[in-house]
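Below, each chain spelled out in residue letters.
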Amino acid sequence: MILLDTHTWLWLLHDPAQLSIPAQTIITEAESNNSILISSISVWEIAVKQSLNKIQLPLPINDWFELAQQQPGTTIEPLSPLDAIESANLPGEFHKDPADRILVAIARRYDIPLITRDQKILNYPHVKTLW
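The structure displayed is predicted, hence computed values, not measured ones.

Details of the pattern of salt bridges
If charged atoms from side chains of opposite charge come close, those side chains can pair.
Turning to step 1, where the next piece is worked out: Summed over all chains, the structure comprises 5 salt bridges.
Turning to step 2, where the next piece is worked out: A salt bridge links K49 to E45, with the nearest nitrogen and oxygen atoms 3.6 Å apart. Residue K49 and its partner E45 are located together in helix α3 (residues 40-51), separated by 4 residues, close to a single helical turn.
Turning to step 3, where the next piece is worked out: Residue classification places K49 among the partly exposed residues on the basis of a relative accessible area of 34%.
Turning to step 4, where the next piece is worked out: Judged by relative accessible area, E45 falls into the buried class, the value being 11%.
Turning to step 5, where the next piece is worked out: Via salt bridges that share partners, E77, D83 and R109 belong to a single interconnected network.

Here you go:
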């Protein structure tokens, strides 16, 4: 099982060439095993950025989400209160972005890699990552 960062999910859906070769490989493998997690926090993050015109989606957000959640091999992970608590109590030093903190908490709970290009997450030693 793997967890996709928000940008990774967007690239998978709309611009897969942006993904690194190792990310493409593990995502393809996870798709065939139905083991890709997408956090609800990523859905929230995309909706917020779209409403602020920071990203453009090819469809209205509700229509886009209907199609996006049908991506083969993916499961939308609901926000868990335990992840919310863990995100506020991550070990060591980590930046304050709430979406990133939730993603790290989920990856840590499941002990799975978070697929991300975000250097702040890649540099955080308390979570498995891949890019």
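Description of the environment of L37
Turning to step 1, where the next piece is worked out: In this fold, L37 is placed in strand β2 (residues 36-39).
Turning to step 2, where the next piece is worked out: Accessibility expressed as a relative area gives 6% for L37, which makes it buried.
Turning to step 3, where the next piece is worked out: Measuring from C-alpha to C-alpha, the distance between L37 and P58 comes to 22 Å, with 21 residues separating the pair along the chain.
Turning to step 4, where the next piece is worked out: With near-sequence residues (within four places) excluded, L37 lies in contact with M1, I2, L3, L4, T75, E77, Y110 and I112.

Some points on the environment of W64
Turning to step 1, where the next piece is worked out: Counting through the fold element by element, W64 comes out in helix α4 (residues 61-68).
Turning to step 2, where the next piece is worked out: Judged by its relative accessible area of 3%, W64 is buried.
Turning to step 3, where the next piece is worked out: Excluding its chain neighbours within four sequence positions, the residues that come into contact with W64 are W9, L10, L13, H14, I46, L57, P58 and L59.

Some words on the nonpolar core
Turning to step 1, where the next piece is worked out: Within the largest apolar cluster, 18 residues are counted, with the highest numbers of intra-cluster contacts made by I2, L4, W9, I27, I36, I46 and W64.
Turning to step 2, where the next piece is worked out: Setting aside its immediate chain neighbours within four residues, I46 contacts T6, W9, L10, I55, L57, I61 and W64.

Here we look at the sheet that holds β2
Turning to step 1, where the next piece is worked out: Here 5 strands make up an open sheet; going across it, the order is β3-β2-β1-β4-β5 and the pairing parallel. Looking along the sheet, the strands with just one partner apiece sit at the ends: β3 (74-77) and β5 (129-130).
Turning to step 2, where the next piece is worked out: Set on the sheet, α3 makes contact with β1 (2-4), β2 and β3; between it and β2 the angle comes to about 50 degrees.

What counts, and at which threshold
- Within any chain, residue numbers begin from 1 and follow the written order of that chain's sequence.
- With the structure being a predicted model, the display of local features is reserved for residues of pLDDT at least 70 and the display and counting of side-chain atom pairs for 80 or more, all residues being used for whole-chain, interface and lining totals.
- Side-chain measures were taken over the full set of non-hydrogen atoms in the model, leaving aside hydrogen atoms and water.
- Every case where a carboxyl oxygen of Asp or Glu lies within 4 Å of a side-chain nitrogen of Lys or Arg is listed as a salt bridge.
- Only runs of H or I of at least four residues qualify as helices and only runs of E of at least two qualify as strands under DSSP, and these elements are numbered from the N terminus.
- Remark: exposure states derive from per-residue accessible area (1.4 Å probe, protein chains only) relative to the maximum for the residue type, with buried under 20%, exposed over 50%, and partly exposed in between.
- The criterion used for residue contact is that any of the two residues' heavy atoms lie within 4.5 Å.
- Throughout this description, the term nonpolar core refers to a set of buried Ala, Val, Leu, Ile, Met, Phe, Trp, Tyr and Cys residues connected via side-chain atoms within 4.5 Å.
- A pair of strands counts as paired when DSSP detects no fewer than two bridges linking them.
- Axis geometry follows a simple rule: fit a line to the C-alpha atoms, using only the stretch in contact for helices, then measure angles between N-to-C directions, giving values from 0 to 180 degrees.

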